[in-house]
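# Coordinates in review
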Amino acid sequence: MGELLPLLIQGAWVTLQVTFLGSLLAIVAAVLAALGRLSPWRALRWFSITYIEVFRGTSLLVQLFWLFFVLPLPPFNVELSPYAVAIVGLGLHIGAYGAEVMRGAISSVAKGQYEACTALNFSGFKRFKRIILPQALLAAIPPGTNLLIELLKNTSLVSLITLSDLSFRARQLDQATFQTLEIFSLALVMYFILAQAINLGMRHVERRLSRGRMRGGLS
């Protein structure tokens, strides 16, 4: 066990990095795509709808393979490292689901909030940043937490594009030592710990935003 654990921790560290960076990309993509769907500009609205439906309607594994194997070919000629493919693929895939969560959260903000911003002569950007977005994020946290945990679990697929994540290390050690029970039990526990860390972190963010709403200051 003393020999197995350090190698699994190395894989878990890669998994953690991909999860964190992929989550950042997913959050940005979700917010932008949600705003695009709500935009009065038809071209932007259709672009956002196309992104959401393509990434929600196709397999994540095929998306990763496409980015890794197809993108370097003509006419694209764009070669990404396995690490970059993992972050981009996972981020855009989960971001497509998150966009619908954010769209619903933004739409759930009471119309009175918009009217109050108009009465206070807030610009559109200031209204969104200080009033709408904080309330929408608070409403989006519970379903968003599920999506971030789903992103963590989906990192197991990146081992198929040669990235040495936790799943890759577990299979590698299993083939070398045949200690299947010990290795995959440790991997299971590590995934569970990482998922609980995400859950606790998002609960902390939710409490912070909730306190801001109770004080009347969401900025």
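What counts, and where the lines are drawn
Residues numbered from 1 in each chain as written. Predicted model: local features only at pLDDT ≥ 70, side-chain atom pairs only at ≥ 80, totals over all residues. Heavy atoms only, no water. Core = buried A, V, L, I, M, F, W, Y, C linked by side-chain atoms within 4.5 Å. Buried < 20%, exposed > 50% of the residue type's maximum accessible area, 1.4 Å probe, protein only. Helix = DSSP H or I, 4+ residues; strand = E, 2+ residues; numbered from the N terminus. Phe/Tyr/Trp six-rings, centres within 6.5 Å; stacked < 30°, edge-to-face > 60°. UniProt positions renumbered as here; feature names shortened; annotations may be inferred. Patch = residues over 30% accessible without salt bridge, like charges linked within 9 Å, V, L, I, M, F, W, Y side chains within 5 Å. Areas by Shrake-Rupley, 256 points an atom, 1.4 Å probe, with all protein chains shown as cover. Salt bridge = Lys/Arg side-chain N within 4 Å of Asp/Glu carboxyl O. Lys, Arg positive; Asp, Glu negative; His and termini not counted. Charge placed at Lys NZ, Arg CZ, Asp CG, Glu CD.

Here the focus is the nonpolar core. One broad trend across soluble globular proteins is that nonpolar side chains are buried collectively. Membership of the largest hydrophobic core comes to 21 residues, with the highest contact counts inside it found for Leu-8, Leu-152, Leu-166 and Ile-198. Of all the elements in the fold, those that place two or more residues in this core are helix H1 (4-37), helix H6 (124-154), helix H7 (166-177) and helix H8 (180-215). In terms of nonpolar packing, the next biggest core, distinct from the first, is built from 17 residues, Val-18, Leu-67, Leu-90 and Ile-161 among them.

Our next topic: the packing of aromatic side chains. Following the criterion strictly, the structure yields 4 aromatic pairs and no others. Aromatic ring contacts, followed pair by pair, group Phe-65, Phe-68 and Phe-69 into a single cluster.

Per the UniProt annotation, the sites labelled "domain: ABC transmembrane type-1" (unreviewed entry) are residues 12-199. Helix makes up 80% of residues 12-199 and strand 0%, with an end-to-end C-alpha separation of 17 Å.

Residues Arg-203, Arg-207, Arg-208 and Arg-211 make up a contiguous surface patch of positive charge. Mapped onto the elements, Arg-211 comes out in helix H8. Of the residues examined, Arg-211 reaches a relative accessible area of 39% and is grouped as partly exposed.

On to the UniProt feature "transmembrane region" (unreviewed entry) in the protein, then. Under the local residue numbering, the UniProt record ascribes the feature "transmembrane region" (unreviewed entry) to residues 12-35, 47-68, 80-99, 131-149 and 183-205. For the annotated span residues 47-68, helix accounts for 91% and strand for 0% of the residues, and the straight-line distance between the end C-alpha atoms is 23 Å. A distance of 25 Å separates the end C-alpha atoms of residues 80-99, which is 90% helix and 0% strand.

This part covers the environment of Pro-143. One can find Pro-143 in helix H6. When the C-alpha atoms of Pro-143 and Val-101 are compared, they prove to be 7.1 Å apart, with 42 residues separating the residues in sequence.

Below, the discussion takes up the pattern of salt bridges. Enumeration according to the criterion identifies 4 salt bridges in this entry. In this structure, the salt-bridge partner of Arg-103 is Glu-100, at a minimum N-O distance of 3.0 Å. Of the two residues, Arg-103 and Glu-100 are both situated in helix H4 (residues 82-107); the distance of 3 residues between them amounts to about one turn of the helix. On the basis of relative accessibility, which here comes to 27%, the residue Arg-103 falls in the partly exposed class. One salt-bridge network, in which partners are shared between bridges, spans Arg-37, Glu-100 and Arg-103.

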